[in-house]
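# Report on the structure
In case you want the letters, here they are:
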Amino acid sequence: MPADAPAAERIPVRKTYKLYVGGAFPRSESGRCYPVTGSGGAHLANAALASRKDARDAVVAARSAFSGWAGRTAYNRGQILYRAAEMMEGRRAQFAAEVTDADGVDARRADALVSAAIDRWVYYAGWPDKIAQVLGAANPVSGPYFNLSRPEPTGVVAILAPPMAPLLGLVSVVAPVIATGNTAVVVASERAPLPAVTLAEVLATSDLPGGVVNILTGRAGELAPHLASHADVDGLDLTGADPGTAAELERSAAQTLKRVLRPGGGEDWLADPGTSRMTPFLETKTVWHPIGA
């Protein structure tokens, strides 16, 4: 080809956004998708529209991963969460672009929100080997016994992510659940699912075992009732549900004695989270041991 010949126009490789289940990126078994638009109405992508079968598959994956994840040392879980923060740092430009498209904020605000999301991962990465000291106790008893209480993970937690904070809000509800040894099935923001899928790509390359976090995109109104009534889901975070829907989902969850975190409304995702999102999905185990034995 002559040096002055015009370069052929390149066909861009467009990204296909899929689900994240069991450490893999499948399309919905239904074959459905839905258009995702930006804050200005421009078409951004087509996201997978997860089905009831996809939700069941995600619960199976989360249950299969639970014993291995809960059985890891707390220190190791913290290392893996920190690795996720490292990977997010390397993709901050992509996250910032997706937050800008979703929420219509300027580049400076988007960068601040991405920084807050990365810092939130680092915050929770520091908690796995400390939460037992904060919530555990040596209990005074009348008798020759040691009586010790310590927190343990509940199991599989279904999470309805907040619709209006597609990255920082998502990180703020997922990280505390897995930091304490639970596994998660997450229904991403229907309005702005792209940051959630990009986060899934980060988790897939951050040493997090497959199945610990499973991310579904689609309609919360379609997926949430099945997760709320699923007998193998142990906890339900209703942060992303409106009050009316949350009440109905809580009634469904009561049939299988799930732990439920009710939506607070008006959450300030930039505020110090404390331990309030780690404690709802922990159970206290108390052990008696004879003194001197």
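Scroll up to find the structure this text is about.
Rules used in this analysis
- Residues numbered from 1 in each chain as written.
- Predicted model: local features only at pLDDT ≥ 70, side-chain atom pairs only at ≥ 80, totals over all residues.
- Heavy atoms only, no water.
- Pairing = 2+ DSSP bridges.
- Helix = DSSP H or I, 4+ residues; strand = E, 2+ residues; numbered from the N terminus.
- Contact = heavy atoms within 4.5 Å.
- Salt bridge = Lys/Arg side-chain N within 4 Å of Asp/Glu carboxyl O.
- Buried < 20%, exposed > 50% of the residue type's maximum accessible area, 1.4 Å probe, protein only.

## Here we look at the sheet that holds strand β3 (residues 137–138)
Taking strand neighbours across the sheet as the criterion, the three strands line up as β3-β4-β10 in an open arrangement whose pairing is antiparallel. Each edge of the sheet is formed by a strand with only one pairing partner; in this case those strands are β3 and β10 (282–290).

## A word on the environment of A65
Of note, A65 is situated in helix α1 (residues 52–71). The spacing of A65 and A184 is 119 residues in sequence and 9.7 Å in space, taken between C-alpha atoms. For A65, the residues in contact, after removing those within four places along its chain, are T183, G210, G211 and V212.

## Quick look at the pattern of salt bridges
Where charged atoms from two side chains of opposite charge come close, those side chains can pair. Counted according to the given criterion, the structure contains 18 salt bridges. Here E201 makes a salt bridge to K15, at a shortest N to O gap of 2.9 Å. Of the two residues, E201 is situated in helix α7 (residues 194–204) and K15 in the segment before β1 (33–37); the sequence distance between them amounts to 186 residues. Classification of E201 as buried rests on a relative accessible area of 18%. Note that R191 is salt-bridged to D103, the shortest N-O span being 2.9 Å. One end of the pair, R191, is in the loop between β6 (183–187) and α7; the other, D103, is in helix α3 (residues 92–103), and 88 residues separate them in sequence. Residue class for D103 comes out partly exposed when judged on its relative accessible area of 27%. When salt bridges with common partners are traced through the structure, they connect K15, R91 and E201 into a single cluster.

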